[in-house]
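Coordinates in review
Chain by chain, the residues run as shown.
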Amino acid sequence: MDTEIKERLERLRAELPASVKLVAVSKFHPVEVLRAAYDAGQRVFGESRVQELVSKHEALPGDIEWHFIGHLQQNKVKYIAPFVRLIHAVDSLKLLAEIDKQARRCDRVIPCLLQLHVAAEESKYGFTPEECRAMLSGGEWRELHHVAIVGMMCMATNTYDTERVRRDFHDAYLFYKEAKRDFFAQCPAFHERSWGMSHDYPLAIQEGATIVRIGTNIFGPREY
Ligand SMILES: *Cc1c(COP(=O)(O)O)cnc(C)c1O
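Residues numbered from 1 in each chain as written. Predicted model: local features only at pLDDT ≥ 70, side-chain atom pairs only at ≥ 80, totals over all residues. Heavy atoms only, no water.

**Description of the side chain of glutamine 42**
- Turning to its location among the elements, glutamine 42 is positioned in the loop between α2 (31-39) and β2 (44-47).
- You can call glutamine 42 buried: its relative accessible area is 4%.
- Of note is the side chain of glutamine 42, whose polar atom sits 3.0 Å from the backbone oxygen of leucine 22.
- Those residues in contact with glutamine 42 that sit more than four places away from it in its chain are Leu9, Arg13, Leu22, Ala24 and Ala37. (Helix = DSSP H or I, 4+ residues; strand = E, 2+ residues; numbered from the N terminus. Buried < 20%, exposed > 50% of the residue type's maximum accessible area, 1.4 Å probe, protein only. Polar contact = N/O pair within 3.5 Å; in protein donor to acceptor, adjacent residues only side chain to side chain. Contact = heavy atoms within 4.5 Å.)

This is the structure in structure tokens:
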């Protein structure tokens with residue numbers, strides 16, 4: 001198992017452009033499995049449940065960069081605020097304000113991505129481009145000095161129709177560029193695009209991803 005993880009990581013790293021960051025999505029896998037990836041040189045891990053992230057953070061070496069990639073409930077922000085390095089899926093101004101509040105208590109600035117809803121599936125999560133534009137135009141986020149909005153995140157439609165998947169990523173990229181022009185032109189930190197998972201990351205990279213979030217292709221299938 002350990003050599004398999006190492007080989008899969010090496011294959012992925014050889015394939016990804018140097019400018020694309022690999023987040024190893026380790027949710028539902030036990031610490032020993034993460035340790036194998038760590039020993040193979042992986043330092044960036046993504047988790048989608050707060051309690052699991054906190055306990056893995058405590059169990060594993062301190063030089064890991066922990067990303068929170070799932071839907072984040074406001075009342076749980078405080079548990080990850082001391083150490084989380086990137087929150088991928090901010091989908092409301094209220095959540096952003098709570099992250100700001102908890103980051104201030106820790107004397108930190110927490111980098112965040114805004115989650116865009118571009119997929120065909122109904123979802124409660126993520127801003128539509130219109131909602132995101134309205135939130136950014138409101139300007140309240142400019143008063144939040146303990147969060148840094150560093151880019152956008154999305155998930156494409158879960159389908160074998162690669163043209164649809166490409167279009168979802170492309171829509172996200174177009175909105176990213178619009179937001180960059182209209183709201184973040186003076187902000188070089190705003191440059192990240194987190195899209196692409198095990199089954200669609202090659203397309204995501206073609207459509208401008210700077211971060212890919214890959215679980216199954218590294219760790220194998222998850223048991224829920
Ligand atoms: C689980 C998850 C991934 C990784 O999915 P794989 O198909 O296993 O690569 C990526 N992003 C998010 C938001 C996830 O929840």
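Having seen the model, we can carry on.
**As for the site of the ligand**
- The immediate surroundings of the ligand are formed by Val25, Lys27, Ile69, Met153, Met155, Met197, Ser198, Arg213, Ile214, Gly215, Thr216 and Arg222.
- One of the side-chain N or O atoms of arginine 213 is found 2.8 Å from a nitrogen atom in the ligand.
- Interatomic distance of 2.8 Å between a backbone N/O atom of glycine 215 and an oxygen atom of the ligand.
- For the ligand, whose accessible area on its own is 390 Å², the fraction buried by protein is 90%.
- Elements with a contribution of two residues or more to the shell around the ligand: β6 (147-155) and β8 (211-214). (Near = heavy atom within 4 Å. Areas by Shrake-Rupley, 256 points an atom, 1.4 Å probe, with all protein chains shown as cover.)

**Side note on the side chain of glutamine 102**
- Along the chain, glutamine 102 turns up in helix α5 (residues 93-105).
- For glutamine 102, a relative accessible area of 7% translates into the label buried.
- Residues in contact with glutamine 102, not counting those within four places in the same chain, are Val77, Lys78 and Ala81.

**Brief notes about the packing of helix α6 (residues 129-138) against helix α7 (residues 162-183)**
- Where α6 meets α7, the axes come as close as 11 Å, and the angle between the chain directions of the two elements is 15 degrees. In terms of orientation, α6 and α7 fall into the roughly parallel class. Where α6 crosses over α7, the handedness of that crossing is right-handed. The residues of α7 that touch α6, namely those facing Pro129, Cys132, Arg133, Leu136 and Ser137, are Phe175, Glu178, Ala179 and Phe183. (Axes fitted to C-alpha atoms, helices over the stretch in contact; angles between N-to-C directions. Parallel < 35°, antiparallel > 145°, perpendicular 65-115°, else oblique. Left-handed = near helix turned anticlockwise from the far one by under 90°.)

**A word on unusual backbone geometry**
- Even without glycine at this site, phenylalanine 28 takes up a positive phi of about 75 degrees.
- Position of phenylalanine 28 relative to the elements: it lies in the loop between β1 (21-25) and α2.
- The partly exposed category is assigned to phenylalanine 28, whose relative accessible area is 26%.
- Phi at aspartate 107 is positive, roughly 55 degrees, even though this residue is not glycine.
- If you trace the backbone, aspartate 107 turns up in the loop between α5 and β5 (110-117).
- With relative accessibility at 67%, the residue aspartate 107 sits in the exposed group.

Note that every value here comes from positions in space, so none of it alone points to a role or purpose.
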